[in-house]
Amino acid sequence: MVVLNQLRHSGGFWLNLDGVNILQDPGPGSLCMVHQQKLVPKNLDAIILSHRHIDHSNDVNVMTEAMTGGGFQPRGMLMVPPDCLNSDPVVLKYVRPFVGITEITMSMKFKIRDITLEFPIKTRHPVETFGTIYEFSSGRLGYLPDTEYFPGLAEAYKGVDYLIINVVRMKSDNRIMHLNMAEARDLINKIRPKKAILTHFGLQVLKASPELQAKLITESTGIDVVAANDGMKISLDKKESLENWI
Ligand SMILES: [Zn+2]
């Protein structure tokens, strides 16, 4: 409901790590927000989808066109779970020749210049869904996307310096495979990154104030936790590697 009513923007996040530009999960409005944030699509090195749900993938085709100059300058990578390409594909066939396409498999590692992408876990969600760890000069950044809770999650992200975690609900609903706030706190406490960023809030979380929830997790775990905001920029090191929420 938050996406459908645009209570928060849904363009995903843009990473600049050691000069490598990655767009993760370009949901509805990504193209507009990229331009509003003065980011340049032709500077992208890769677009990654954690999964095919529309709030994570809606703008994947138009962003692939934007990255490749309308397809006239084929370049860059598109990394997606296999079910984004096969039946009822979210990646249109006509954009596929514009870009190098990689089907994500669990434990796969991939290098883009000086950074390494790793896909440490397939999460539990109704469609094929993969988390990412981005390894760059100042550490390891983990993205824990949509999933229901299970013990293997903490193990998969062990040792990351920064953690982005999708927390949709305050209370779980068995029909919806998403983390709730108590589960997010438990995972942050077990993984113990230097900094954790909560994002992907549903209505329950917005009503409960994401900022307050982040503060409560900081108080109970001693870990620096922040709530993402539209347009937020976070510097991860002295070299100005950036995350930009769009
Ligand atoms: Zn989803």
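A few points on the structure. (Residues numbered from 1 in each chain as written. Predicted model: local features only at pLDDT ≥ 70, side-chain atom pairs only at ≥ 80, totals over all residues. Heavy atoms only, no water.)

**Focus on the overall build of the chain**
Under the convention used in this document: Working definition: helices are DSSP H or I runs of at least four residues, strands are E runs of at least two. Numbering for both runs from the N terminus. In this setup the radius of gyration rests on C-alpha atoms only. A globule is expected at 2.2 Å times the number of residues raised to 0.38. Any residue under 20% of the maximum accessible area for its type is buried, any over 50% is exposed, and the rest in between are partly exposed; the area is computed with a 1.4 Å probe on protein chains only. Whether two residues touch is decided by their heavy atoms; if any such pair falls within 4.5 Å, the residues are in contact. Surface accessibility in these figures is a Shrake-Rupley result with a 1.4 Å probe; residues are shielded only by whichever protein chains are displayed. Positive charges come from Lys and Arg, negative ones from Asp and Glu, while His and the chain ends are left out of the count. Charged groups are reduced to one reference atom each: NZ for lysine, CZ for arginine, CG for aspartic acid, CD for glutamic acid.
Broken down by element type, the chain carries seven helices and 14 strands. What you see for the chain is a C-alpha radius of gyration of 17 Å, in line with the 18 Å of a compact globule of 246 residues. Put simply, the chain has 246 residues, and 57% of those count as buried. Within the chain, residue pairs in contact and separated by at least 24 positions form 60% of the contacts whose partners lie at least 6 positions apart. Total accessible area computed for the chain in this model is approximately 10,500 Å², and 54% of it derives from carbon and sulfur atoms. With 27 positive and 27 negative side-chain charges, the chain shows a separation of 2 Å between the mean positions of the two kinds.

**Considerations on the coordination of the zinc ion**
The criterion, for reference: In this description, a donor is an N, O or S atom within 2.8 Å of the metal centre, a cutoff extended to 3.2 Å for sodium, potassium and calcium. Water is not part of the atom list, which can make sites seem incomplete. Every angle between 85 and 135 degrees makes a four-donor site tetrahedral, while opposite donors more than 155 degrees apart, with all other angles between 65 and 115, make a four-donor site square planar and a six-donor site octahedral; other sites are irregular.
Ligation of the zinc ion by protein atoms is provided by His51 (NE2), His53 (ND1), His125 (NE2) and Asp146 (OD), these donors lying 2.2 to 2.4 Å from the ion. Viewed at the metal, the four donor atoms of the zinc ion are separated by angles of 87 to 176°, and the geometry they form is irregular. Judged by relative accessible area, which is 0%, His51 ranks as buried. Using a relative accessible area of 25% as the deciding quantity, one classes His53 as partly exposed.

**Concerning the packing of aromatic side chains**
Our working rule: For this analysis, a ring pair means two rings from Phe, Tyr or Trp (six-membered ring only for Trp) whose centres lie within 6.5 Å, classed as stacked if their planes differ by under 30 degrees, edge-to-face if by over 60, and tilted for the remaining angles. Counted as over-ring charges are cases with an Arg CZ or a Lys NZ within 6 Å of the ring centre that also lie within 35 degrees of the ring normal.
Taken as a whole and assessed by the stated rule, the structure comprises three aromatic pairs. Their ring planes at 80° and their centres at 6.1 Å tell us that Tyr94 and Phe98 sit as a pair that is edge-to-face. When the ring centre of Phe150 is taken as reference, the NZ or CZ atom of Arg124 above it lies at 4.3 Å.

**Focus: the pairing of strand E2 (residues 20-24)**
The criterion, for reference: Note on pairing: two strands pair once DSSP finds at least 2 bridges between them.
With respect to burial, E2 is a largely interior element, five of its five residues being buried. Across five bridges, the pairing between strand E1 (residues 13-17) and E2 is antiparallel. Looking at E2, one finds that Leu15 is bridged to Ile22. Between E1 and E2, which follow one another and run antiparallel, lie two residues, and Asp18 among them has a positive phi close to 50°.

**Observations regarding the side chain of Thr116**
Tracing the backbone shows Thr116 in strand E7 (residues 115-118). Beyond its immediate chain neighbours, meaning those up to four positions away, Thr116 contacts Lys109, Phe110, Lys111, Ile133, Tyr134 and Glu135.

**Let's talk about the environment of Ala46**
Residue position: Ala46 is located in strand E3 (residues 46-48). Among the residues examined, Ala46 registers a relative accessible area of 0% and is labelled buried. Every residue in contact with Ala46, bar those within four places of it in the chain, is listed here: Asn21, Ile22, Leu23, Met67, Met77 and Ile112.

**Regarding the sheet that holds strand E6 (residues 109-112)**
Rules: Think of each axis as a best-fit line through the C-alpha atoms, taken over the contacting stretch in the case of a helix, with angles from 0 to 180 degrees between the N-to-C directions.
Here we have seven strands laid out as an open sheet, ordered E6-E7-E8-E9-E10-E11-E12, and mixed in their pairing. The open sheet is flanked by E6 and strand E12 (224-227), the only strands paired with a single partner. Taking the axes of each pair of neighbouring strands and ignoring which way they run, one obtains an average angle of 20° across the sheet. Across five bridges, strand E8 (residues 132-136) lies against strand E9 (residues 139-144) in antiparallel orientation. Directly across from Tyr134, in E9, lies its bridge partner Leu141. The strands touched by helix H5 (residues 181-191) are E9, strand E10 (162-166), strand E11 (195-199) and E12; relative to E10, the strand with the most contacts, the crossing angle is about 165°. Where helix H7 (residues 210-221) meets the sheet, it contacts E11 and E12, and its direction lies at approximately 170° from that of E12.

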